[in-house]
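Inside the fold
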Amino acid sequence: MNNKVKNIGFVAIKTVVHMLLTVAISALSRFLFVDNMFGQEYFSEQILNVWHMVFFLLIFNSLIIAINQHDKYSCKRFLESVTNAKLISNVKYIFSSFDFYLEIGCVVVLSIFLSTDFLYKFVHKIFFAGIELTAFNNKLYTLLIIIPIMVLLLLIARILIQKSWYINAQREKANSTKEKKSKIPPVIKSVITVAVIYCCSSMALPWLFPMFVTLWNFGGIMLFVWILLALLVSILITIMAYYIRAILKRKSFVNKLKKYCAANSVYISDIKKPYLSLFVPQNGFDFTIEKSGKKYDCKFIAGIFPGSPIILSDKGNGLKQDTIRLFRIEIFAFLTKFDFGYESQNKKILILLPTPKTFFVSNNEAPPRMADVGEKTGKYIVYNSRGFLNALDRNIL
């Protein structure tokens, strides 16, 4: 009973802080925006109303993530209740959680009593322009429009946060080294980051928008089109560069392997689609090698991006972690599940090529641990390309 009361109090305090910060940061962003020398000249009242309402909702959503992602108590309960971070499990946990409904209740109550008059004006101008409304009806209609959006944002944010909790938990299990504790609590850093980003955006947009209008008037829109295309092309070229690197590494390995086998009378079967498997996962093993009367069935696993760790399980499935970063700051991380298992009477070999900077193995449902070449995960032995060729030459595969 005491724990439940404490939890209710904790969620209520957290939501109050969240809403107060949302109102405060949105008020500051409005002040910085309107007071800018270009604000009133280039932006109609309608555009300003839309801008400030969208900014309020964006700040609300960003602060949910900034505050809740560091909630260790809620994180612990989530990890104890679920076994994976699939969307269905995630959503089921949210709708079965008392905290979610308590948070919604707090948001509704605080929206009624907090000073959010600017929202009433914005909603009235956007949705009920030209219609006379009493103060009560204006507030009521505003809440009927805004609160469902806020609840949806709460749901989306919780799904993202819980996914992040699961990924971080997997990472902590895999890493033996502990992260250094900062003197400034992470939640404060996150809140300050949100405030700085939105306040700077409020100051920058009224300066950038007139420039955009000026270039538009002089046909300069093509400049923005070319800049956008250049960004998209640069992203595609970067991704293509990693895949070209992977193809070259795979080709170099295949040539070295065939050359070694021919020089040392080692049997090697045809290698099935060595390059297609970089793009589309292939079933079964890729090739067989026989040396000194021993047969080895081998399969390629591609670590296309060097900074994306791979976790290999003894059950024949794996996880790849991809991380989105901005100026080396981790923005978001997500996991991709894949199957590599295959049936064979011979010794099973996995060849990581290209090889990520780090990879992990998990046996008997134990937490993943950082691995090296020659590690076992179930009936599989994991090598990189160089380790495989060395072990083959020494006949210790």
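Residues numbered from 1 in each chain as written. Predicted model: local features only at pLDDT ≥ 70, side-chain atom pairs only at ≥ 80, totals over all residues. Heavy atoms only, no water.

**Focus on the overall build of the protein**
In terms of helices and strands, the protein carries 11 helices and 11 strands. Among the 397 residues that make up the protein, the fraction classed as buried is 41%. If you take every contact in the protein between residues at least 6 apart in sequence, the share linking residues at least 24 apart comes to 67%. Accessible surface, the protein: about 23,200 Å² in total, of which carbon and sulfur atoms supply 64%. (Helix = DSSP H or I, 4+ residues; strand = E, 2+ residues; numbered from the N terminus. Buried < 20%, exposed > 50% of the residue type's maximum accessible area, 1.4 Å probe, protein only. Contact = heavy atoms within 4.5 Å. Areas by Shrake-Rupley, 256 points an atom, 1.4 Å probe, with all protein chains shown as cover.)

**Thoughts on the pairing of strand E4 (residues 310-313)**
Of the two faces of E4, the one carrying Ile 310 and Leu 312 and the one carrying Ile 311 and Ser 313 are both buried. Bridge count between E4 and strand E8 (residues 359-362): four bridges; the pairing is parallel. Bridging from a neighbouring strand, Ile 310 pairs with Phe 359 of E8. (Pairing = 2+ DSSP bridges.)

**Details of the pairing of strand E11 (residues 380-384)**
Within E11, four of the five residues are buried, which leaves it mostly tucked inside the rest of the structure. Examined bridge by bridge, strand E7 (residues 347-352) and E11 share five bridges and lie parallel to one another. For Leu 350, the partnering residue across the bridge sits in E11 and is Val 382. Strand direction decides the pairing type here: strand E10 (residues 375-377) and E11, joined by three bridges, are antiparallel. By the bridge assignment, Thr 377 is partnered in E11 with Tyr 380. Between E10 and E11, which pair antiparallel in sequence order, lie two residues; one of them, Gly 378, sits at a positive phi of approximately 65°.

**Re the environment of Ile 188**
Looking at where Ile 188 falls in the secondary structure, it is placed in helix H9 (residues 186-217). Measuring from C-alpha to C-alpha, the distance between Ile 188 and Ile 67 comes to 8.2 Å, with 121 residues separating the pair along the chain.

**Digging into the sheet that holds strand E3 (residues 294-301)**
Strand order across the open sheet formed by six strands is E1-E2-E3-E7-E11-E10, with mixed pairing between neighbours. Both edges of this open sheet fall to strand E1 (267-268) and E10, since each of them pairs with a single strand only. Sheet strands in contact with helix H11 (residues 385-394) are strand E2 (287-291), E3, E7 and E11, and its direction is about 110° off that of E11. (Axes fitted to C-alpha atoms, helices over the stretch in contact; angles between N-to-C directions.)

**Thoughts on the pattern of salt bridges**
When the charged atoms of two side chains with opposite charge come close together, those side chains can pair. Tallied over the full model, the rule gives four salt bridges. Note that Arg 77 and Asp 99 form a salt bridge whose closest N and O atoms lie 2.2 Å from each other. A residue pair is termed long-range when its members are at least 10 positions apart, and Arg 77 in helix H4 (residues 72-81) and Asp 99 in helix H6 (residues 98-113) qualify at 22 residues. Residue Asp 99 is classed as buried on the basis of its relative accessible area of 4%. Here Arg 158 makes a salt bridge to Glu 103, at a shortest N to O gap of 3.0 Å. Here Arg 158 is found in helix H8 (residues 135-174), whereas its partner Glu 103 is found in helix H6, with 55 residues between them in sequence. (Salt bridge = Lys/Arg side-chain N within 4 Å of Asp/Glu carboxyl O.)

**A look at H11**
When H11 is considered as a whole, its buried residues turn out to be Gly 387, Phe 388, Leu 389, Ala 391 and Leu 392. Two residues or fewer after H11 comes Asn 395, characterised by a positive phi angle close to 60°.

**A short note on the packing of aromatic side chains**
Per the counting criterion, the structure on display carries 17 aromatic pairs. Centroid distance Phe 78 to Trp 165: 5.9 Å. Interplanar angle 50°. Geometry classified as tilted. Of this pair, Phe 78 sits in helix H4 while Trp 165 sits in helix H8, and the two are 87 residues apart along the sequence. By the burial criterion, Phe 78 is buried, and Trp 165 matches it. Following the ring pairs from residue to residue traces out a cluster consisting of Phe 253, Phe 287, Phe 300, Tyr 383 and Phe 388. Positioned over the ring face of Phe 300 is Arg 250, at 4.3 Å from the centre of the ring. (Phe/Tyr/Trp six-rings, centres within 6.5 Å; stacked < 30°, edge-to-face > 60°. Lys NZ or Arg CZ within 6 Å of the ring centre and 35° of its normal.)

**Here's the deal with unusual backbone geometry**
Each neighbour pair has its own omega, and for Leu 353 with Pro 354 the value is -5°, a cis peptide bond. With respect to the secondary-structure elements, Pro 354 resides in the loop between E7 and E8. The backbone of Lys 273 shows a phi angle near 45°, a positive value even though the residue is not glycine. Mapped onto the fold, Lys 273 is located in the loop between E1 and E2. Positive phi is not limited to glycine here, since Asn 395 has a value of about 60°. By secondary structure assignment, the location of Asn 395 is in the segment after H11.

These figures come from the coordinates and say nothing about function on their own.
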